[in-house]
Amino acid sequence: MISPEHFRFFSELVRSSSGISLQKGKEYLLESRLNELSRVLGMRGIDELYRKAKFNSSPRLKDQIVEAMTTNETYFFRDQHPFQALKDHIIPELLDKKKDTRSMSFWSAACSTGQEPYSIAMTITEHFPELLNWRVDIHATDISQAAVNKGKEGRFTQVEVNRGLPVTMLVKYFKQQGAFWMIDEKLKRMIRFRKMNLLTPFIGINRIDVVFCRYVLIYFDQPTKKAILEKIAKVMNPGGYLFLGATESPAGLPPWMKRVNFGRAVCWKKEQD
Ligand SMILES: C[S@@+](CC[C@H](N)C(=O)[O-])C[C@H]1O[C@@H](n2cnc3c(N)ncnc32)[C@H](O)[C@@H]1O
């Protein structure tokens, strides 16, 4: 079992760098993930990782420790209803509202390995061909460089494409390459993947029409969650929509973000200025 001193040190390092809060009871998770990391780095175990991180740390090692503690669980069209709401209500509304500027922007704010932004890109391509002549930005950011790299590559395993992706979409938007499925180049070009920590300033992210910030705030404590929700609301266009995970509470959202239901989807609309 990891020692209390090691648990305190690593959980504080992870919390201060990423916001991920590892409460008591998460000792086993921390220990197993960091044991694996120390093995990959050729170290003898958590003791050595602790000494290196504490007395001889590089930013790279810190990033690797944080990355080891992220949970990258995701799948295509996760929860379905948000994508149905995009198709039936939100994009049609934005098409009308933004017909003068002919631009629309989306942000997957903790995109993991890309299934979420690719689901947005497929929804657009499949149902709104007219948007292909608009300026459409899909930003996809995550703290994990490895996850972002995988998203950028657009290469998925059979297990990954079996999760959430309708077979018609698989056939239409993916090409089989050996044991993997490569996503269509046109979809890839619609998305700008990059590493970004939600605790840091949102550089290059502004005037967003639709934000997906799902299943990431659950890892943060309430003050951190509130601060991030306020920052997100600031970079949204008036009239824009925010999706949280289906089971996530909106506590901390500014009062001018109003709850809206579209069928079984729940989202938060930024009131007009
Ligand atoms: C469970 S996944 C959710 C992925 C996707 N949004 C979905 O709903 O399927 C959570 C993601 O949040 C990322 N994450 C954790 N802390 C973060 C932070 N401070 N800034 C940006 N991303 C973070 C993790 O790397 C992980 O990929």
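Residues numbered from 1 in each chain as written. Predicted model: local features only at pLDDT ≥ 70, side-chain atom pairs only at ≥ 80, totals over all residues. Heavy atoms only, no water.

1. Let's talk about the domain arrangement of the protein
Phase 1 of the analysis: Splitting the protein by domain gives domain 1 (4-68) and domain 2 (81-270).
Phase 2 of the analysis: One C-alpha centre belongs to domain 1, the other to domain 2, and the line joining them spans 30 Å.
Phase 3 of the analysis: The partner domain 2 presents 11 residues to the 10 residues of domain 1 that form the contact.
Phase 4 of the analysis: Interface of domain 1 and domain 2: buried area, both sides summed, is about 720 Å²; carbon and sulfur atoms make up 52% of it.
Phase 5 of the analysis: Measuring nitrogen to oxygen at the nearest pair gives 3.1 Å for the salt bridge that ties D63 to K195.
Phase 6 of the analysis: Our count for the domain 1 to domain 2 interface comes out at six residue pairs in polar contact (both at pLDDT 80 or more).
Phase 7 of the analysis: Within the residue set of the side of domain 1 that touches domain 2, elements represented by two or more residues are helix 1 (4-18) and helix 4 (59-68).
Phase 8 of the analysis: At four residues, the largest contribution of residues to the side of domain 1 that touches domain 2 is made by helix 1.
Phase 9 of the analysis: A breakdown of the residues in the side of domain 1 that touches domain 2 according to their chemical character gives two nonpolar, five polar and three charged. (Domains from an automatic or database assignment. Contact = heavy atoms within 4.5 Å. Buried area = accessible area lost by both parts, 1.4 Å probe. Salt bridge = Lys/Arg side-chain N within 4 Å of Asp/Glu carboxyl O. Polar contact = N/O pair within 3.5 Å; in protein donor to acceptor, adjacent residues only side chain to side chain. Helix = DSSP H or I, 4+ residues; strand = E, 2+ residues; numbered from the N terminus. Nonpolar A, V, L, I, M, F, W, Y, C, P; charged D, E, K, R; others polar.)

2. Quick notes on the layout of surface pockets
Phase 1 of the analysis: Approximately 380 Å³ is the volume found for the largest pocket.
Phase 2 of the analysis: Along its surface, the largest pocket is lined by 24 residues, and T71, A110, D142, Y215 and V216 are the ones closest to its centre.
Phase 3 of the analysis: Residues that form the lining of the largest pocket fall into these classes: 12 nonpolar, seven polar and five charged. (1 Å grid on protein atoms, 1.4 Å probe; cavity = no way out; pocket = protein on both sides within 12 Å on 5 of 7 lines; lining within 4 Å. Points joined across faces, edges and corners; volume = space filled by probe spheres on them.)

3. Focus on the packing of aromatic side chains
Phase 1 of the analysis: Enumeration according to the criterion identifies 13 aromatic pairs in this entry.
Phase 2 of the analysis: Ring centres 6.0 Å apart and planes at 90° place the aromatic pair Y118 and F156 in the edge-to-face group. Here F156 lies in strand 3 (residues 155-157) and Y118 lies in helix 6 (residues 115-127), a separation of 38 residues in the sequence. For the pair Y118 and F156, one class covers both residues: buried.
Phase 3 of the analysis: One aromatic cluster in this structure is built from F76, Y118, F156, F174 and F193.
Phase 4 of the analysis: Over the aromatic face of Y215 sits the side chain of R78, whose NZ or CZ is 4.0 Å from the ring centroid.
Phase 5 of the analysis: Positioned above the aromatic ring of F180, the side-chain terminus of R155 is 3.9 Å from the ring centre. (Phe/Tyr/Trp six-rings, centres within 6.5 Å; stacked < 30°, edge-to-face > 60°. Buried < 20%, exposed > 50% of the residue type's maximum accessible area, 1.4 Å probe, protein only. Lys NZ or Arg CZ within 6 Å of the ring centre and 35° of its normal.)

4. A closer look at the sheet that holds strand 7 (residues 208-212)
Phase 1 of the analysis: With respect to topology, seven strands assemble into an open sheet ordered 6-2-1-7-8-10-9, the strand pairing being mixed. Of all strands in the sheet, those with a lone pairing partner are strand 6 (191-195) and strand 9 (257-262), marking the two edges. Strand-to-strand twist in this sheet, taken as the mean axis angle between neighbours without regard to direction, amounts to 20°.
Phase 2 of the analysis: In the sheet, strand 1 (residues 103-108) pairs with strand 7 via three bridges, with the strands oriented parallel. (Pairing = 2+ DSSP bridges. Axes fitted to C-alpha atoms, helices over the stretch in contact; angles between N-to-C directions.)

5. Here's the deal with the pairing of strand 8 (residues 236-243)
Phase 1 of the analysis: Among the eight residues in strand 8, seven count as buried, and that is most of the element.
Phase 2 of the analysis: The pairing of strand 7 with strand 8 spans four bridges and is parallel. Bridging across to strand 8, F212 finds its partner in F243.
Phase 3 of the analysis: With helix 11 (residues 222-234) bridging strand 7 and its parallel neighbour strand 8, the resulting β-α-β unit is right-handed.
Phase 4 of the analysis: Here strand 8 runs beside strand 10 (residues 265-270); their pairing, made up of two bridges, is antiparallel. (Right-handed = clockwise from strand over helix to strand, strands pointing away.)

6. Let's talk about the pattern of salt bridges
Phase 1 of the analysis: Summed over the entire model, instances satisfying the criterion amount to 21 salt bridges.
Phase 2 of the analysis: The closest approach of N and O atoms between E160 and K150, which form a salt bridge, is 3.1 Å. Here K150 lies in helix 7 (residues 145-153) and E160 lies in helix 8 (residues 158-161), a separation of 10 residues in the sequence.
Phase 3 of the analysis: Owing to a relative accessible area of 22%, K150 belongs among the partly exposed residues under this scheme.

7. Overview of the pairing of strand 2 (residues 135-142)
Phase 1 of the analysis: Across the eight residues of strand 2, seven count as buried, placing the element largely inside the fold.
Phase 2 of the analysis: Note that strand 1 and strand 2 share six bridges and pair parallel. In the strand pairing of strand 2, W107 is matched with H139.
Phase 3 of the analysis: The handedness of the strand 1 to strand 2 crossover, carried by helix 6, is right-handed.

8. Comments concerning the site of the ligand
Phase 1 of the analysis: Around the ligand sit 22 residues in total, of which S18, T74, R78, A110 and D142 are the nearest.
Phase 2 of the analysis: T74 is positioned with one of its side-chain polar atoms (N or O) 2.6 Å from an oxygen atom of the ligand.
Phase 3 of the analysis: Taking I143, its main chain carries an N or O atom lying 3.3 Å from a nitrogen atom of the ligand.
Phase 4 of the analysis: Here the ligand loses 99% of its free accessible area of 600 Å² to cover by the protein chains.
Phase 5 of the analysis: Applying the majority rule of atoms within 2 Å of the grid points places the ligand in the largest pocket. (Near = heavy atom within 4 Å. Areas by Shrake-Rupley, 256 points an atom, 1.4 Å probe, with all protein chains shown as cover. Sits in = over half its atoms within 2 Å of the grid points.)

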